[in-house]
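Summary of structural features
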Amino acid sequence: PFGFNRQQEREIIRQSYLYSDINGTAYTNGTITIPHSSFRILQGRDNFLACLLAHEISHVINHDIYEEAVASVKGGFHGDSEEDKLKRAHIGRESELRADKDAIHMVANSGFPIDSCRRFLVFMNKSGGYVLTDDPHNTHPSNVQRYSNAEKITEKYKTPMHLKINKTREWRYD
């Protein structure tokens, strides 16, 4: 397809894995994928990698893809109308904010600085040049909404008394 032979296609795919930006994807079967480029960009930023992984783990634990589908069927907005698309996008934004909240708690409970995920959101958006606005069609919240939400959660967070925080491990992209 697209006028490329198989070898060229494989090279384009390989380079997209190496040179794309920070990303993670959670699937309904519990699989989480993180492209090579994310590890390259996040090398030396263990807390940011932890935030990315925790965010995706939250989607898996909460069965977000399934729950969003169930909500759209039960709510009767599973069609292709503009109104249905807007309602599904709203549910997606709520899932993203919940995953951000869960990630903040998981990462802080793991011994990383409490503001790690808030700083990661800023870093990720600057790295990729993302500026999301309050467009009701977006499945992800605006930058301002995510930063504000992360700030509120970070301010309210209290480390559970039963947690004994050990030094976190280090890793190296190779």
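To start, this report covers the structure provided alongside it.

This paragraph deals with the overall build of the protein chain. Counting its regular elements, the protein chain contains 7 helices and 2 strands. Sequence-ordered secondary structure for the protein chain, helices as α and strands as β, is α-β-β-α-α-α-α-α-α. Of all 174 residues assigned to the protein chain, the portion counted as buried reaches 33%. Summarising the internal contacts of the protein chain: among those between residues at least 6 apart in sequence, 64% fall at separations of at least 24. Carbon and sulfur atoms form 55% of the exposed surface of the protein chain, whose accessible area is close to 11,100 Å².

In this structure, I22, L42, L52, V107, C117 and F120 are the most contacted members of the largest nonpolar core, which totals 20 residues. Secondary structure elements with two or more residues in this core: α2 (36-42), α3 (46-61), α5 (82-109), α6 (116-128) and α7 (143-156). With 6 residues, α3 is the largest single contributor of residues to this core. If we ignore the near neighbours within four places in the chain, the residues touching F120 are I22, L42, F48, C51 and L52.

With that settled, consider unusual backbone geometry. Of note, H63 is a non-glycine position whose phi angle comes to about 55°, a positive value. Relative to the helices and strands, H63 is located in the loop between α3 and α4 (64-74). Since its relative accessible area comes to 47%, H63 is described here as partly exposed.

Tallied over the entire structure, the rule returns 2 aromatic pairs. Ring pairing ties together the aromatic residues F48, F120 and F123, which thus form one cluster.

The next subject is a nonpolar patch on the surface. A cluster of nonpolar side chains, L53, I57 and I61, forms an exposed patch at the surface whose accessible area comes to about 230 Å². For I61, the location among the structural elements is in helix α3. The class for I61 is exposed, based on a relative accessible area of 54%.

Looking now at the pattern of salt bridges. A complete count under the given rule lists 7 salt bridges for this structure. The partner of D100 in a salt bridge is R146, and the shortest N-O contact between them spans 2.7 Å. With D100 in helix α5 and R146 in helix α7, this pair connects stretches of sequence that are 46 residues apart. Residue classification places D100 among the buried residues on the basis of a relative accessible area of 5%. Among the salt bridges present, the one from R118 reaches E151, with a minimum N-O distance of 3.0 Å. Of this pair, R118 sits in helix α6 while E151 sits in helix α7, and the two are 33 residues apart along the sequence. A residue is classified by how much of its surface remains accessible, and R118, at 23% relative accessible area, is partly exposed. Each member of the salt-bridge network shares a partner with another, and the members are D115, R118, R119 and E151.

Direction vectors running N to C along α5 and α6 enclose 125°, while the axes themselves pass 8 Å from each other. As summarised for this structure, α5 and α6 are arranged oblique, according to the angle between their axes. Mapping the contact onto sequence places D100, A103, I104 and V107 in α5 and S116, C117 and L121 in α6. When its residues are assigned to classes, the contact of α5 with α6 shows 5 nonpolar, 1 polar and 1 charged.

Analysis parameters
Residues numbered from 1 in each chain as written. Predicted model: local features only at pLDDT ≥ 70, side-chain atom pairs only at ≥ 80, totals over all residues. Heavy atoms only, no water. Helix = DSSP H or I, 4+ residues; strand = E, 2+ residues; numbered from the N terminus. Buried < 20%, exposed > 50% of the residue type's maximum accessible area, 1.4 Å probe, protein only. Contact = heavy atoms within 4.5 Å. Areas by Shrake-Rupley, 256 points an atom, 1.4 Å probe, with all protein chains shown as cover. Core = buried A, V, L, I, M, F, W, Y, C linked by side-chain atoms within 4.5 Å. Phe/Tyr/Trp six-rings, centres within 6.5 Å; stacked < 30°, edge-to-face > 60°. Patch = residues over 30% accessible without salt bridge, like charges linked within 9 Å, V, L, I, M, F, W, Y side chains within 5 Å. Salt bridge = Lys/Arg side-chain N within 4 Å of Asp/Glu carboxyl O. Axes fitted to C-alpha atoms, helices over the stretch in contact; angles between N-to-C directions. Parallel < 35°, antiparallel > 145°, perpendicular 65-115°, else oblique. Nonpolar A, V, L, I, M, F, W, Y, C, P; charged D, E, K, R; others polar.

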